[in-house]
There are 2 protein chains.
Amino acid sequence: MRSRRVDYTESTRAALVDSALELFTRRGYAGTSLDAIVTGARVTKGALYHHFSGKQALFEAAFDLVETAALDRLTAAVAGDGPAWERALAGVEAYVGLCLEPSYQRIVIHEGPVVMGWERWRQAEERFSYGLVRSTVAALIEAGEIERLPLEVTARILFGALSAGAEAIAGSADPKAAAADVTKTIVAVLTGMRRAAAG
Amino acid sequence: MRSRRVDYTESTRAALVDSALELFTRRGYAGTSLDAIVTGARVTKGALYHHFSGKQALFEAAFDLVETAALDRLTAAVAGDGPAWERALAGVEAYVGLCLEPSYQRIVIHEGPVVMGWERWRQAEERFSYGLVRSTVAALIEAGEIERLPLEVTARILFGALSAGAEAIAGSADPKAAAADVTKTIVAVLTGMRRAAAG
DNA sequence: GCTCCGTCATACCACCGGTATGTGACGGGG
DNA sequence: CCCCGTCACATACCGGTGGTATGACGGAGC
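Cut-offs used in this document
- Residues numbered from 1 in each chain as written.
- Chains lettered and ligands numbered in written order.
- Predicted model: local features only at pLDDT ≥ 70, side-chain atom pairs only at ≥ 80, totals over all residues.
- Heavy atoms only, no water.
- Near = heavy atom within 4 Å.
- Polar contact = N/O pair within 3.5 Å; in protein donor to acceptor, adjacent residues only side chain to side chain.
- Helix = DSSP H or I, 4+ residues; strand = E, 2+ residues; numbered from the N terminus.
- Nonpolar A, V, L, I, M, F, W, Y, C, P; charged D, E, K, R; others polar.
- Buried < 20%, exposed > 50% of the residue type's maximum accessible area, 1.4 Å probe, protein only.
- UniProt positions renumbered as here; feature names shortened; annotations may be inferred.
- 1 Å grid on protein atoms, 1.4 Å probe; cavity = no way out; pocket = protein on both sides within 12 Å on 5 of 7 lines; lining within 4 Å.
- Points joined across faces, edges and corners; volume = space filled by probe spheres on them.
- Least-squares fit on C-alpha atoms with pLDDT ≥ 70 in both.
- Contact = heavy atoms within 4.5 Å.
- Expected span 1.5 Å × (residues − 1).
- Domains from an automatic or database assignment.
- Buried area = accessible area lost by both parts, 1.4 Å probe.
- Salt bridge = Lys/Arg side-chain N within 4 Å of Asp/Glu carboxyl O.

## Some remarks on the protein's contact with DNA strand C
Piece 1. Taken together, 20 residues surround DNA strand C, and among them A:R4, A:L34, A:K45, B:T44 and B:H51 come closest.
Piece 2. Restricting attention to atoms of DNA strand C within 4 Å of the protein, one finds that 65% of them are sugar or phosphate atoms.
Piece 3. Between a phosphate oxygen of DNA strand C and a side-chain N or O atom of B:T9, the distance comes to 3.1 Å.
Piece 4. Put simply, the parts of the chain that give the surface near DNA strand C at least two residues each are helix 1 (4-27) and helix 3 (45-51) of chain A together with helix 1 (4-27) and helix 3 (45-51) of chain B.
Piece 5. Per element, the largest residue contribution to the surface near DNA strand C is four residues, and it comes from helix 3 of chain B.
Piece 6. Looking at the surface near DNA strand C residue by residue, the class counts come to five nonpolar, ten polar and five charged.

## Thoughts on unusual backbone geometry
Residues and elements named next belong to chain A.
Piece 1. In this structure, R42 takes a positive phi of about 55° despite not being glycine.
Piece 2. In this structure, R42 sits in the loop between helix 2 (34-40) and helix 3.
Piece 3. Overall, R42 belongs to the exposed group, its relative accessible area being 78%.

## Some details on the protein's contact with DNA strand D
Piece 1. Around DNA strand D there are 18 residues in total, and A:R5, A:T12, A:T44, B:L34 and B:K45 lie nearest to it.
Piece 2. A share of 64% is what sugar and phosphate atoms reach among the atoms of DNA strand D within 4 Å of the protein.
Piece 3. Here a phosphate oxygen of DNA strand D sits 3.3 Å away from a polar atom, N or O, in the side chain of A:T9.
Piece 4. Within the backbone of B:L34, a nitrogen or oxygen atom sits 2.7 Å from a phosphate oxygen of DNA strand D.
Piece 5. Only helix 1 and helix 3 of chain A together with helix 3 of chain B provide two or more residues apiece to the surface near DNA strand D.
Piece 6. At four residues, helix 3 of chain A tops the list of elements feeding residues into the surface near DNA strand D.
Piece 7. Per-class residue counts for the surface near DNA strand D are four nonpolar, ten polar and four charged.

## Side note on the UniProt feature "domain: HTH tetR-type" (unreviewed entry) in chain A
Piece 1. Those places that UniProt annotates as "domain: HTH tetR-type" (unreviewed entry) correspond, in this numbering, to residues 10-70 of chain A.
Piece 2. The span residues 10-70 of chain A is 79% helical and 0% strand by assignment, and the distance between its end C-alpha atoms comes to 22 Å.

## A short note on the layout of surface pockets
Piece 1. In this structure, the largest pocket spans a volume of roughly 370 Å³.
Piece 2. If you go around the largest pocket, you meet 20 residues; those closest to its centre are A:A30, A:V114, B:Y29, B:A30 and B:V114.
Piece 3. Contributions of two or more residues to the lining of the largest pocket are made by helix 6 (102-116) of chain A together with helix 6 (102-116) of chain B.
Piece 4. When the residues that make up the lining of the largest pocket are grouped by side-chain class, the tally is eight nonpolar, five polar and seven charged.
Piece 5. In this model, the second largest pocket occupies a volume close to 270 Å³.
Piece 6. Around the second largest pocket sit A:P102, A:Q105, A:R106, A:H110, A:E111, A:A170, A:G171, B:P113, B:V114, B:G117, B:W118 and B:E119, which together line it.
Piece 7. At the level of elements, helix 6 of chain A together with helix 6 and helix 7 (118-127) of chain B are the ones that each hand at least two residues to the lining of the second largest pocket.
Piece 8. If one sorts the elements of the lining of the second largest pocket by residue count, helix 6 of chain A sits on top with five residues.
Piece 9. Residue classes in the lining of the second largest pocket are distributed as five nonpolar, four polar and three charged.

## Concerning the relation of the copies chain A and chain B
Piece 1. Once chain A has been moved 0.0 Å along the axis and rotated by 180°, it coincides with chain B to within an RMSD of 0.1 Å. Those values place the two copies in the arrangement expected of a two-fold rotation axis. Within chain A, A:G192 has its C-alpha nearest the rotation axis, a separation of 1.8 Å.
Piece 2. A shared binding surface is used by both copies, with 100% of the interface residues of chain A retained as interface residues in chain B.

## Points about helix 9 (residues 151-170) of chain A
Piece 1. With 20 residues, helix 9 of chain A ought to run about 28 Å at 1.5 Å a step, and its terminal C-alpha atoms sit 28 Å apart, in line with that.
Piece 2. For helix 9 of chain A, the tally of buried residues reaches 17 of 20 residues, placing the bulk of the element in the interior.

## Notes on the domain arrangement of chain A
All names here are of chain A.
Piece 1. By domain assignment, chain A separates into domain 1 (1-52) and domain 2 (54-198).
Piece 2. Between the C-alpha centres of domain 1 and domain 2 the distance comes to 29 Å.
Piece 3. Interface area for domain 1 against domain 2, summed over the two sides, is near 1400 Å², with a carbon-plus-sulfur share of 74%.
Piece 4. Here domain 1 and domain 2 share zero salt bridges between them.
Piece 5. Linking domain 1 to domain 2 there are seven residue pairs in polar contact (both at pLDDT 80 or more).
Piece 6. Of all the secondary-structure elements, those providing two or more residues to the side of domain 1 that touches domain 2 are helix 1, helix 2 and helix 3.

Here's what the structure looks like:
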């Protein structure tokens, strides 16, 4: 039988991560104090340091939470047994939408590399969104849909292009129009690669 | 006649910015204390707060210094009266090389958006590297070299692609090979757009 | 020569991340 | 059913950091 203590433990841990996630999203990593986080979770720093080794570890827990949810969305978007090209386009739409989420944008794209260090951030991304972008690009190359380019670099560049596009949307005065522009432009880039493959 | 005192003033200010630039590059913004900066500049915090309103203002001064040097390099690379296409390719090469500079990568690409806030960073970039990318893209569209795509978004996406490519190079085990891959891939993207324009 | 202002040094404060230690509740063994 | 060890926290505290208030020093101008 599941102990009562385990319930409490998991609950406090989740409350800490939730509180951290919200505050990191709103005020950023440096702008969020541990006191604010534990107050939001209605616990004290003792609890925080019992569950996490420090502020950075808590950030990574929030990071993992965001990325896991993101990966679910993206995986659903590119799933199915249709042609690789169609699924890639669906993935682009889904990723652009994802990058409009404040949590994903701030925690994963902006603060992630700075807080965790770029190398560690890169390793984490391998298991999450970037991993999916990479495998999608690999599928496109495999299917002969796009040019034979270096996989790793091509995926990185596409990933950066998508992120930059999402930031352009978020920072735009007319997000709707910007979102349409971004999708159109990314598709144009992919189409350019496609024609090159065909020719 | 220029007063000796003015020399001293400018010298201390420059020493502060130089010290900050070096330390921010090596240990990042959060990892650099004002004490370390003023020690490196052989002054005290009194001098720092006389010349700058705070740590963030000092960061922006270092940011401006890096970006000004970067803009000089890029401007020289894309200068000349050759065809827009050739000049754009030269710009790509120059920008990839630029992103390999630790200062540019860390201060402008990584920490800039986080420390200054994305909106302010974006405004600053308008006057520097991104502004040049944007005008280069505009020139390509103007010359009919590439597809007619939304200028702002296309420039943003290309900028992001270049930055991501540069990061891939810096984080690679074989930077030389990665640099070649990045240049090749970016050129492939542009070429794809070019064929689209022709077709 | 006296004053004023720019230029910095010194001393200090509030706050934050992190640690050391105390304590009460839960759950298993007798 | 009670007792006690241990887990899950709370409390109190520390060093360091960004920022501020204040004063000293020295050249410029009258």
